[in-house]
2 protein chains.
Amino acid sequence: MPLTARRLADPDHWSLASAIRVLSMDAVEQANSGHPGMPMGMADVATVLWRKHLKFDASAPNWFDRDRFILSAGHGSMLIYSLLHLTGFEQMSLEQLKNFRQWGAATAGHPEYGHAEGIETTTGPLGQGLATSVGFAMAEAKMRAEFGEELCDHRTWVIAGDGCLMEGISQEAIALAGHLRLGRLIVLWDDNKITIDGALSLSDSTDQLKRFEASGWRTLSCDGHDPADIDRALTAAAQDDGRPVLVACNTVIGFGSAKKGGTSGVHGSPLGADEIAATRSAYAWEHAPFELPEEITARWREIGARGAAAREAWAARVDALPEDRREAFAARVSGETSDKLVPAIAALKQKASTDAPKVATRKASELVLEVVNPILPETIGGSADLTGSNNTKTADLGIFDAQNRAGRYVHYGIREHGMAAAMNGLALHGGFRPYGGTFMAFTDYARGAMRLSALMGVPVVYVMTHDSIGLGEDGPTHQPVEHLAMLRATPNTWTFRPADLVETAEAWELALTADGTPSVLALSRQNLPTLRLDHTDDNLTARGAYVLREASGAPQAILMASGSEVEIAVKAAEALEAEGIPTRVVSVPCMELFRDQPEDYRANVLPEGPVRVAVEAAVRQPWDWLLMGERGAEKRAGFIGMTGFGASAPADRLYKEFGITPEATVAKVKALL
Amino acid sequence: MPLTARRLADPDHWSLASAIRVLSMDAVEQANSGHPGMPMGMADVATVLWRKHLKFDASAPNWFDRDRFILSAGHGSMLIYSLLHLTGFEQMSLEQLKNFRQWGAATAGHPEYGHAEGIETTTGPLGQGLATSVGFAMAEAKMRAEFGEELCDHRTWVIAGDGCLMEGISQEAIALAGHLRLGRLIVLWDDNKITIDGALSLSDSTDQLKRFEASGWRTLSCDGHDPADIDRALTAAAQDDGRPVLVACNTVIGFGSAKKGGTSGVHGSPLGADEIAATRSAYAWEHAPFELPEEITARWREIGARGAAAREAWAARVDALPEDRREAFAARVSGETSDKLVPAIAALKQKASTDAPKVATRKASELVLEVVNPILPETIGGSADLTGSNNTKTADLGIFDAQNRAGRYVHYGIREHGMAAAMNGLALHGGFRPYGGTFMAFTDYARGAMRLSALMGVPVVYVMTHDSIGLGEDGPTHQPVEHLAMLRATPNTWTFRPADLVETAEAWELALTADGTPSVLALSRQNLPTLRLDHTDDNLTARGAYVLREASGAPQAILMASGSEVEIAVKAAEALEAEGIPTRVVSVPCMELFRDQPEDYRANVLPEGPVRVAVEAAVRQPWDWLLMGERGAEKRAGFIGMTGFGASAPADRLYKEFGITPEATVAKVKALL
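Residues numbered from 1 in each chain as written. Chains lettered and ligands numbered in written order. Predicted model: local features only at pLDDT ≥ 70, side-chain atom pairs only at ≥ 80, totals over all residues. Heavy atoms only, no water.

Chain A is annotated in an unreviewed UniProt entry as Transketolase from Paracoccus solventivorans. In UniProt, chain A has this text filed under Function (unreviewed entry): "Catalyzes the transfer of a two-carbon ketol group from a ketose donor to an aldose acceptor, via a covalent intermediate with the cofactor thiamine pyrophosphate." Per UniProt, chain A has the following entry under Catalytic activity (unreviewed entry): "D-sedoheptulose 7-phosphate + D-glyceraldehyde 3-phosphate = aldehydo-D-ribose 5-phosphate + D-xylulose 5-phosphate". (UniProt positions renumbered as here; feature names shortened; annotations may be inferred.)

As C-alpha cells, this is what we get:
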C-alpha cells in the first residue's frame, strides 16, 4: 500500500507513529550517530502496542504489575526513548532526546538499565533482551502462582530483530520458554529482511515461524504497518494459551524514506538532511526537529495515563490484603534480604569451625543453601544440567516447571547463556534473587549475560564449581585457567573463591545481601579441610583478604592463596615455620573487596618487607598487583600457578605435575629469601 | 526388541559393537572416571558408520580426502578411542586405552586435538564439535569446487548429543550450514532422551527434526540399535541433495546395562564391578577387560583397511595431475604461507612509513588484506554481519555461498560463536587460513570457540574492531574494557593491538605465518596517525614491545602504551621532553611476544630506574607485570586507563571524561617524579 493511502486510512494512528519516526530520525541526525531504520520500521507496531495493549502508567513507571516492554533490538533505542518521552515518563525529557548519545544523557546509544525508568534491562548485545525476557516471564508466572492474579497479572512484550534471532542465545531462550510454557511472553519480531551487511538472505534462510513452533511457540504474522492488522495480531497474542507467542511483523526498515527505506543504508547511519526533509514530507509532518504539536503530545499523554485506573485498582487490592500477606508481598518486592540471614550464617560458621568438616566448597555451598533457602523465599536456584555436580538443589525446593509454578528450582538445561540471561530477568523483574550453577570453565558460554549482570548491577549469583585443574580427569577443556583473571578484570563483579565452609558461608552472605553487584562463587570439586577454626561473627571474607595464620614471629614470608590452594599455603607455611622461617598465610577469597579496603588495612595484611608468594591454580595475571604492591613494593615475589592449559589426569597428579604443591611453595620462598 | 534377539539377528555386527561397549565400560571403570553411557548407546551407529560408510584408511590417518569423523558429544570419548584402536590407528594402542584419563595418555577425558591421529578436533564443551564441523564441511565444499571431485570428495560425519543441540551455538551452526547448503554434513544425533540431570523432558520439549528442517536440513530417523536400519538411514544420508542431514538415532544410553541403561546414572559414572559383569554377560562377551579376541580384532582391522584402495587411487590421481596443479594443491594442503608474503608486507610498511596515512587500524587492516588476499589463496575472510565496520572484505574476494563455492568471503550472519567455530573447522580441515571479524566486545559471544582455537593451537585470525571506548556513542555494552585482560590471560593466544598501519601490517604477517597460535587483532574504530616513520624491514611487533621514541637523554620516564593510546603516549612524551624530562615511549603491540623475548632485550626496553606509566583504554590488570617488573622493580609506576565500564558519548569526550589524555599522562609522570 502506498504511504499516502496508509496515512489516509488511519490518520490518527499515522500522526502518533510519525511522532516516533520523526523524533528517531532527528535525534540520530543531531547525534550524527545511531540507528534510525529500526524505530522508523517498528513505529507502527510500537504505537499499537503502547496505545492498546501494554499495561503501564507513565506516572508510576515502577508499578509492580505493569507489563514489561523489552527492546531486545537495542540499537533501535530511539524507539523506546521516543515512547517514554511521548507517553510522559518524567525522566525522559525532550532535552534527553536532544542529547541522544551524548555524555551524561539518559539516552545512551543502547538502552541502559538505570539510566531512566521504563528501561527494564540493558540491551544492545543482540539476543540478550530476548533471553532476559524469559526470566521476566518466569518471574511473572511464579509471582502470580505465589500471590494470585490480583497482585500479579502482566505480560512481557519484546521487540526483537533478525540479529536477536540469529544469535545462539535466542535458541536457548526460546527452547526454555517453550518448555516452561510461558504463555505471557510475546515476542514481536521486526521481520524486515535486512541486516547490516545487506539482505538477510546473504546469511540466513531459516523459517523462523517453523523454528519457534518446533520449540512449542504459537506464531502469528501481521502487516507491521497496518494498525488494524497489528491490533488483530496483538489481541490474539495476548490470549494466553500456555504457549509463548512470536508475532512476525512484516515491516520496512526506515519506513517512509523513499531513497533508503528497505535497505541496510538506513540501519546504522543518519539519513542526512535531504533525505530527512523528503521523509518528513512523505509523513506529512510539518514540524521542526524536536517540535511536537500539542495535540499529538496530548494524545500520547492520554496513552501514558491509560493504565492509571488499573494501577489504582491494583493498589487498592494490595491495601485490602490481610496484613501478613501484604507484608510478605512487600518484602518480596522490596528486594531486601531477611534479617534472619546473618544470624543463620553466623550459626553455620560457628558449627563449621567446631566440626571442621572436610568437604568440597561446592558441597559447602550446598550446606549453606540448605540454611539459606528456607529463610529466603526469594531465592530461585538452578543449574545448566549439572545439578548433582554444582550442588545447587536443596531438599525443600520443588521444581519450577510448566506444571508447578510453586517450585523454586529450575532445570535450565544445557543452556549456560540462556540461564544467565534468565537470571538477570528474574532479578530485574523483582521478587527474586536467582542463583544458577555450571562448571567454572563454562563461564565462557555465559559471558555475554554475565557481563550484563555486572554492567546493570544485578545481584545474581553464579555458582561455578569445578574451578581449577582440581577437577581432574575431564581435562583442559573443562579446567579453568584464565577465568579467574577474566572475572576479576570485569568491573563490578565479586569473584569469590572460598577456601572452606566458613568462607563459603561468608561469600554467600555477601552475595545474598549485595544490592548492586553480581557474585561469582568459584568452588572446588575436590574436598578441602576447614581452615577457619577460630569462630568469629565478623565476615572476614568481606575484607577480601585477611591473615588466616599468623607467623610465629616477624614474618619473613607472606603466602597468599585462594580457594583450594589455601590449604597448600598453610602446609607450606607449616613447613617453613618448622625450618625457622616465620611465615604468614593470607587468604584472599575476593580481590575486589580487598581492593576496596582502606589503605592501612591493606598495608597491615601485606606489609612491605617479607617475601611474597601467591599460590593459585590459575594464571598469574590478577596477582601481580598483590605481589608487587600497588605502587611497587617487593622485589622478592613469586607465583605458584599455571602458565598454560591443564591436562587430563587425577587431580593430585595434576597438582604435582604442574608444580602447585607445598614443596614448590617452600622452595620458591627459600629461593627468594 | 530384547537384547538377545538383537544379538542373534546379526551376531557379526553384535560382536563388533560389543567390543566398543566393553572397552568403554572397562576403561571408565579402570579410570574410575568417565562417561560410559554414550559409547555404549552409540556403539551400533558408530560400528555401522565406520564399517560401511566412513571413508578412511587407518594406515594413513591424515589422508586429505578422508571423511571427517567428529565426536561432538566429546564426553563419550571412549567411543572414538575404541574405534581408533580397533581399526588400527597406530597411535591408539591398547596401552592408551588402559591409561584412559591418566597423565600423559593420548586418551584424555575428552578428545584432544593433537593427542592422537584421528581426533579431528577437540570436543567436550558441548556444541563445539557440531559448530566446528560446519567449517569442515565448508572447507570440503570449497576445496572440491577449487580442485575438483577427483581430489576432494568427502563427507563430515558428526555424532552429537542432546547437550550439543541445546547449546545456543548449535543454532548458529545449523542455520549457517542450512543456508550454505552443506549437503555433505551429516549429524548423527544420539537421541537417547537423557541428560545429566535426568530425563531430557526435565528441561526440553523441542521437536528437533522440525527445528532442523526450519533451517533447511533434511531429517531422517533410525533405530540406533538395529544395524540394518542404521545402514538404511546412513545410506540415505550420504546422498547429497544440497541439504545437510540430521539423523535421529533412537538409542538407549548405557545400552545393555539392565540396571542403569536408559538412565542418567550411566551418563557420567563407572558402572561398578557387579553391573559390568552383568552387562558383559548380557553382551555374551566372555573376555577379560582389555582382552580382545583375535577374530574380532582381525575383522575390525579389515574395516580399518577398507579405504586403502580409495586412498591409493586418490594418490594416483594426485600424481597424475599437471605439475602446476599438483603444486598448487600441495601448497594449499601444506598449510605453509607463501614466500611472497614477507616482501609484500615489507613493501607495504615502507610505503606506510613514507605516506604516513592517518587511518583507523581497522582500515589499516583492510589495506593489509588488500595486499595479502591476492597473494594467499588460502585466506577465507568473513564477518559476523559487520563487514563494513570490520573492514574484512577486500575487492577480489567473491562471496562464498550456496551458489558460489569459489567465493572467499563468508557472510557468517549475526553468529559470532558459530563463526569462530567454523573458522576452527576450516583451519583444521586443511587448505584454509580463515579470518573473521566482529566487534571486540563480542569476543564474549565467541569465547567458547576462541578458547578452543588456543587450546588446539589453530592459527585462525580474529579481527576485532571497535576495540575500546574509542568507538564512542554505542556505549558500554559495545565498549571492551576487560577483554584485553581476558585475551592476554588466555594461554597460547597472541593479542595484537597495533598502533598504526605499520604495526597492523606486522601483526598480520605474524598472524598469517603462525603455525600453532591463534591471533586476535584489536583494532580501532577511530583514525590514528602513523607513528612508525622510520622504515625497517624487521618486524618490530614480533618483539612484542619496542622503543618507539627514544628519550632525548637518559630516560627519567618510560611511557608504555598499545594501539590507539600510543598516540597519547607520544604526545605526553613530547610535552615532558619540552619540560626537560627525557621520556622514552615503548609501544607494546603484543604482550605475549614480549614475554617470550630474552631477558636482556626486555631489560633494555624497560630498564630499572625511570618512572613507568602505562596508557591503555582498558583495565590495568595485564599491565602490572610490566609496570612492576617481573620480579618487582619500580616503586614509581602508574596507570592511565579504565577502572569501570565505559559510557555513551563521542569518543573524544570519553577519553577526556575518563582521563585518558596526554595531559593526565604528563601529570601522572610528574607526580611520580
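Next, the rest of the story.
Caption draft 1: Looking closely at the pattern of salt bridges. A complete count under the given rule lists 82 salt bridges over all chains for this structure. Residue Arg218(A) is joined to Asp241(A) by a salt bridge in which the shortest nitrogen-to-oxygen separation is 3.6 Å. Within this pair, whereas Arg218(A) is found in strand E6 (residues 218-223), its partner Asp241(A) is found in the loop between helix H10 (227-237) and strand E7 (245-250), the two being separated by 23 residues in sequence. Classification of Asp241(A) by relative accessible area gives partly exposed; the value is 34%. For the salt bridge of Arg447(B) with Glu482(A), the shortest nitrogen-to-oxygen distance reads 2.9 Å. Taken together, the positions of Arg447(B) in helix H19 (residues 443-456) and Glu482(A) in the loop between strand E12 (461-465) and helix H20 (483-489) put the pair across two chains. (Salt bridge = Lys/Arg side-chain N within 4 Å of Asp/Glu carboxyl O. Helix = DSSP H or I, 4+ residues; strand = E, 2+ residues; numbered from the N terminus. Buried < 20%, exposed > 50% of the residue type's maximum accessible area, 1.4 Å probe, protein only.)

Caption draft 2: Seen up close, the confidence of the model for chain A. Residue and element names in this part refer to chain A. Here chain A averages 96 in pLDDT, while 99% of its residues score no lower than 70. Segment residues 630-634 is flagged for pLDDT under 50; beyond a separation of four residues in sequence, or across chains, it makes 24 contacts in the model. Taken together, the chains of this predicted complex give a pTM of 0.98 and an interface ipTM of 0.97. (pLDDT = per-residue confidence, 0-100. Contact = heavy atoms within 4.5 Å.)

Caption draft 3: Just helix H3 (residues 37-53) of chain A, in detail. The terminal C-alpha atoms of H3(A) lie 24 Å apart, and with 17 residues this matches the ideal 24 Å at 1.5 Å per residue to within 8%. Buried residues dominate H3(A), accounting for 15 of its 17 residues. (Expected span 1.5 Å × (residues − 1).)

Caption draft 4: Spatial organisation of the sheet that holds strand E9 (residues 379-383) of chain B. All names here are of chain B. Ordered by their spatial adjacency, six strands build an open sheet running E10-E9-E11-E12-E14-E13, and the pairing between neighbours is parallel. Sheet topology places strand E10 (409-411) and strand E13 (494-496) at the edges, where each strand pairs with a single neighbour. Here the average twist between neighbouring strands, direction ignored, is 20°. Both E13 and strand E14 (residues 519-523) contribute to a ladder of three bridges, which runs parallel. Across the sheet, Thr495 pairs through a bridge with Val520, a residue of E14. In the packing of H19 onto the sheet, contacts are made with strand E11 (433-439), strand E12 (461-465) and E14, and the angle to E12 comes to roughly 160°. (Pairing = 2+ DSSP bridges. Axes fitted to C-alpha atoms, helices over the stretch in contact; angles between N-to-C directions.)

Caption draft 5: Spatial organisation of the environment of Cys249(B). Residues and elements named next belong to chain B. Structurally, the position occupied by Cys249 is in strand E7 (residues 245-250). Classification of Cys249 by relative accessible area gives buried; the value is 0%. Other than its neighbours up to four places away in sequence, Cys249 contacts Met42, Val45, Leu188, Trp189, Asp190, Asp191, Cys222 and Gly224.

Caption draft 6: Fine view of the domain arrangement of chain A. As far as domains go, chain A holds domain 1 (3-310), domain 2 (340-529) and domain 3 (544-671). For domain 1 of chain A versus domain 3 of chain A, the separation of C-alpha centres amounts to 52 Å. (Domains from an automatic or database assignment.)

Caption draft 7: Broad picture of the side chain of Glu275(B). Residue and element names in this part refer to chain B. As for its position among the elements, Glu275 is in helix H11 (residues 273-283). The charged side chain of Glu275 is buried without a salt bridge, its nearest counter-charge being Lys259 at 4.7 Å. Within polar-contact distance, the side chain of Glu275 engages the backbone nitrogen of Lys259 at 3.0 Å. (Lys, Arg positive; Asp, Glu negative; His and termini not counted. Polar contact = N/O pair within 3.5 Å; in protein donor to acceptor, adjacent residues only side chain to side chain.)

Caption draft 8: Molecular detail of the UniProt feature "binding site: Mg(2+)" (unreviewed entry) in chain A. All names here are of chain A. Listed under "binding site: Mg(2+)" (unreviewed entry) in the UniProt record, and renumbered for this structure, are Asp162, Asn192 and Ile194. Spanning 33 residues, the named residues nonetheless gather at one spot, since no C-alpha pair among them exceeds 8.0 Å. Position of Asp162 relative to the elements: it lies in helix H7 (residues 162-166). The exposure class assigned to Asp162 is buried, which follows from its relative accessible area of 6%. With residues up to four places along the chain from it excluded, the contact list for Asp162 reads Trp189, Asp190, Asn192, Lys193, Ile194, Thr195 and Leu200. In this structure Asn192 touches Asp162, Thr251 and Ile253, once residues within four positions along its chain are discounted.

Caption draft 9: Spotlight on the interface of chain B and chain A. At the interface, 104 residues of chain B touch 103 residues of chain A. Summed over both sides, the interface between chain B and chain A buries roughly 8300 Å², with carbon and sulfur atoms accounting for 55% of that surface. Considering only the side of chain B, the residues that lose the most area to chain A are Trp103(B), Tyr445(B) and Arg451(B), jointly responsible for 10% of the buried surface there. If you look at where chain B meets chain A, you find 12 salt bridges. A salt bridge links Arg447(A) to Asp444(B); its shortest N-O distance comes to 3.0 Å. Our count for the chain B to chain A interface comes out at 58 residue pairs in polar contact (both at pLDDT 80 or more). Take the side of chain B that touches chain A: its biggest share by element is eight residues, from H19(B). (Buried area = accessible area lost by both parts, 1.4 Å probe.)

Caption draft 10: Layout of the sheet that holds strand E20 (residues 637-640) of chain B. Residues and elements named next belong to chain B. Reading across from one edge, E16-E18-E17-E19-E20 is the order of the five strands in this open sheet, with mixed pairing throughout. The sheet is open, and its two borders are formed by strand E16 (546-549) and E20, each paired with just one other strand. Here the strands of the sheet are splayed against their neighbours by 30° on average, with no regard to which way each runs. In this structure, strand E19 (residues 611-615) lies alongside E20, joined through four bridges in parallel fashion. In the sheet register, Val615 faces E20, and the bridge partner there is Ile640.

Caption draft 11: Here's a closer look at the relation of the copies chain B and chain A. When chain B is brought onto chain A, the operation consists of a screw motion whose angular component is 180° and whose axial shift is 0.0 Å, with 0.0 Å RMSD remaining. Such values leave the two copies arranged in the relation of a two-fold axis. For chain B, the minimum C-alpha distance to the rotation axis belongs to Gly168(B) and amounts to 1.9 Å. The residues that chain B uses at the interface reappear at the interface of chain A in 99% of cases, marking a shared surface. (Least-squares fit on C-alpha atoms with pLDDT ≥ 70 in both.)

Caption draft 12: Up close: the packing of helix H19 (residues 443-456) of chain A against H19(B). Relative to each other, H19(A) and H19(B) sit at 165°, their axes nearing to 7 Å. On the basis of their axis angle, the class for H19(A) and H19(B) is roughly antiparallel. Between H19(A) and H19(B) the crossing geometry is right-handed. Of the residues in H19(B), those touching H19(A) at Asp444(A), Tyr445(A), Arg447(A), Gly448(A) and Arg451(A) are Asp444(B), Tyr445(B), Arg447(B), Gly448(B) and Arg451(B). Classifying every residue of the contact of H19(A) with H19(B) gives two nonpolar, two polar and six charged. (Parallel < 35°, antiparallel > 145°, perpendicular 65-115°, else oblique. Left-handed = near helix turned anticlockwise from the far one by under 90°. Nonpolar A, V, L, I, M, F, W, Y, C, P; charged D, E, K, R; others polar.)

Caption draft 13: Summary view of unusual backbone geometry. Residue and element names in this part refer to chain A. The phi dihedral of Arg181 falls on the positive side, at around 55°, and the residue is not glycine. When you line up the elements, Arg181 lands in the loop between helix H8 (168-180) and strand E3 (185-191). Given a relative accessible area of 39%, Arg181 falls into the partly exposed group.

Caption draft 14: Seen up close, helix H16 (residues 361-375) of chain A. All names here are of chain A. Over its 15 residues, H16 extends 21 Å from the first C-alpha to the last, a length consistent with the 21 Å expected when each residue adds 1.5 Å. The principal kink in H16, of about 30°, is found at Leu369. Looking only at H16, the buried set comprises Thr361, Arg362, Ala364, Ser365, Glu366, Val368, Leu369, Val372, Asn373 and Ile375. (Bend = angle between axes of the 7 residues up to and from the residue.)

Caption draft 15: Focus on the packing of aromatic side chains. Throughout the structure, instances matching the rule amount to 38 aromatic pairs over all chains. Each ring, one from Tyr435(B) and one from Trp508(B), has its centre 5.5 Å from the other, and the planes form 85°; the classification is edge-to-face. Of this pair, Tyr435(B) sits in strand E11 while Trp508(B) is found in helix H21 (residues 501-513), placing the two residues 73 residues apart along the sequence. Like Tyr435(B), the residue Trp508(B) is buried in the burial classification. Following the ring pairs from residue to residue traces out a cluster consisting of Trp63(A), Phe64(A), Phe147(A), Trp314(A) and Phe329(A). Positioned over the ring face of Trp625(A) is Arg595(A), at 4.0 Å from the centre of the ring. (Phe/Tyr/Trp six-rings, centres within 6.5 Å; stacked < 30°, edge-to-face > 60°. Lys NZ or Arg CZ within 6 Å of the ring centre and 35° of its normal.)

Caption draft 16: Molecular detail of the UniProt feature "site: Important for catalytic activity" (unreviewed entry) in chain A. Per the UniProt record, "site: Important for catalytic activity" (unreviewed entry) is found at His35(A) and His267(A). In terms of the greatest pairwise C-alpha distance, the residues named above, spread along 233 residues, form a tight cluster of at most 5.4 Å across. For His35(A), the location among the structural elements is in the loop between helix H2 (11-31) and H3. The residues contacting His35(A), other than those within four sequence positions of it, are Val28(A), His75(A), Gly76(A), Arg101(A), His267(A), Gly268(A) and Asp474(B). Along the chain, His267(A) falls in the loop between E7 and helix H11 (273-282). Those residues in contact with His267(A) that sit more than four places away from it in its chain are Gly34(A), His35(A), Pro36(A), Gly37(A), His75(A), Ile196(A) and Ile253(A).

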